[in-house]
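# Chain and residue survey
Spelled out, the chains give:
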Amino acid sequence: MNKTMNKKISPFEMKNIPFILDVVVPLWSPPTGDEAFRRFYVEYIVRNNIFENDFRYELLESQSDEESKEAFCAAAFFARKGDVCKVNEWYEKESKNFPQELKKASEMSRTYLELMDRKTFNMMKDDDIKLSLYVSRKTGCGSILLNEICRQMKEKGFKNLYLWTDVECNWEWYVKHGYELVEKEIYQPFSSEDEDYWTYIFRKTL
C-alpha cells in the first residue's frame, strides 16, 4: 500500500468495476440496446483489459478521518507478454441475458480488442509492460496513480511501457506527456465513408 497525502494506492478490487463503468459507459456505449446491454457491452471491454496478474491498481481518497470512508478515484491495469485474460468465462455467463442480435456487437468488439492487444504484445520484449486500461474519476488522480506505478515498474526492471488506444479515447494526452507514437493505422471495420477510425500504439521509456 502506498499513500500520497490523503490518497492511497492499493490492489484493485473487482467490486469497484461499477465506478469505472460510470466513467466509460457514456463514452463507449454502442448505438443499440437498452441501458442494461450498454453497461454489459462496456463492462466486457473493461474486463478485456484485466489480466491474471498482480498489476491491477486503484487510487482511493479518504473522505474523513475514518479509514473506512474512501472514494474511488482512479484505476490502472497492466499486462506482460504471456499474461492471460479470462474475460470469456465472464462473457459466456453474462451474455445469456441478451439476444443474439445484440451480442453480435460485443463479438465485433472482441475481435477488435484481441487484434490490438496482439499487435501491441508483438512489439514488446519480455522486460516491457503494457498499460491496458487507465481511468480516472477525478482530475489529477489518474496521473498520480500512473506516475507512481510507472516508478515502481522501473524499480522492478521493466524497460518500456506500451499502450494502444483509438479515436474514442483522449489519445492526445499521451502525446503531450512524452509517449512516442510507434504505430497509427485505420481500423476499417469501425470506419465509415465519412470518417476513418484511427488506432494508435504508444511507447514510453520507464
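See the structure printed just above.
This section reports on the structure supplied with the text. Keep in mind it's a predicted model, so treat the numbers as computed, not measured.

### Focus: the pattern of salt bridges
If charged atoms from side chains of opposite charge come close, those side chains can pair. In total, this model carries 16 salt bridges according to the counting rule given. A salt bridge links Lys130 to Asp117, with the shortest nitrogen-to-oxygen separation between them at 3.0 Å. You can see Lys130 sitting in strand S5 (residues 129-136) and its partner Asp117 sitting in helix H4 (residues 100-123), a full 13 residues away along the chain. Across the pair, exposure class does not vary: Lys130 and Asp117 are buried alike. Lys159 is the partner of Asp127 in a salt bridge, and the nearest nitrogen-oxygen pair spans 3.8 Å. With a gap of 32 residues between them, Asp127 in the loop between H4 and S5 and Lys159 in the loop between helix H5 (141-156) and strand S6 (160-166) connect regions that are remote in the sequence. A relative accessible area of 30% places Asp127 in the partly exposed class. What makes Lys159 partly exposed here is its relative accessible area of 45%. Residues joined in a network through salt bridges with shared partners are Lys7, Glu61 and Lys138.

### Brief notes about a negative patch on the surface
Where like charges cluster on the molecular surface, the negative patch consists of Glu193, Asp194, Glu195 and Asp196. Here Glu193 shows up in the loop between strand S7 (180-186) and strand S8 (198-205).

### Quick word on the packing of aromatic side chains
Per the counting criterion, the structure on display carries 26 aromatic pairs. For the pair Tyr112 and Tyr187, a centre-to-centre distance of 4.7 Å together with 45° between the ring planes defines the contact as tilted. One end of the pair, Tyr112, is in helix H4; the other, Tyr187, is in the loop between S7 and S8, with 75 residues separating them in the sequence. On the basis of relative accessibility, which here comes to 10%, the residue Tyr187 falls in the buried class. With a centroid separation of 5.9 Å and an interplanar angle of 85°, the aromatic rings of Tyr112 and Tyr197 are classed as edge-to-face.

### Details of the nonpolar core
Ile20, Val42 and Val46 are the most contacted members of the largest nonpolar core, which has 39 residues in total. If you list the elements that add at least two residues to this core, you get helix H1 (17-28), helix H2 (35-48), strand S4 (70-79), helix H3 (87-94), H4, S5 and S6. Of all the elements, H2 adds the most residues to this core, at seven residues. When near neighbours in sequence (up to four residues on either side) are disregarded, Val42 contacts Leu21, Val24, Val25, Trp28 and Ser29. In terms of nonpolar packing, the next biggest core, distinct from the first, is built from 25 residues, Cys73, Leu145, Leu163 and Tyr179 among them.

Thresholds applied
- Residues numbered from 1 in each chain as written.
- Predicted model: local features only at pLDDT ≥ 70, side-chain atom pairs only at ≥ 80, totals over all residues.
- Heavy atoms only, no water.
- Salt bridge = Lys/Arg side-chain N within 4 Å of Asp/Glu carboxyl O.
- Helix = DSSP H or I, 4+ residues; strand = E, 2+ residues; numbered from the N terminus.
- Buried < 20%, exposed > 50% of the residue type's maximum accessible area, 1.4 Å probe, protein only.
- Patch = residues over 30% accessible without salt bridge, like charges linked within 9 Å, V, L, I, M, F, W, Y side chains within 5 Å.
- Areas by Shrake-Rupley, 256 points an atom, 1.4 Å probe, with all protein chains shown as cover.
- Lys, Arg positive; Asp, Glu negative; His and termini not counted.
- Charge placed at Lys NZ, Arg CZ, Asp CG, Glu CD.
- Phe/Tyr/Trp six-rings, centres within 6.5 Å; stacked < 30°, edge-to-face > 60°.
- Core = buried A, V, L, I, M, F, W, Y, C linked by side-chain atoms within 4.5 Å.
- Contact = heavy atoms within 4.5 Å.

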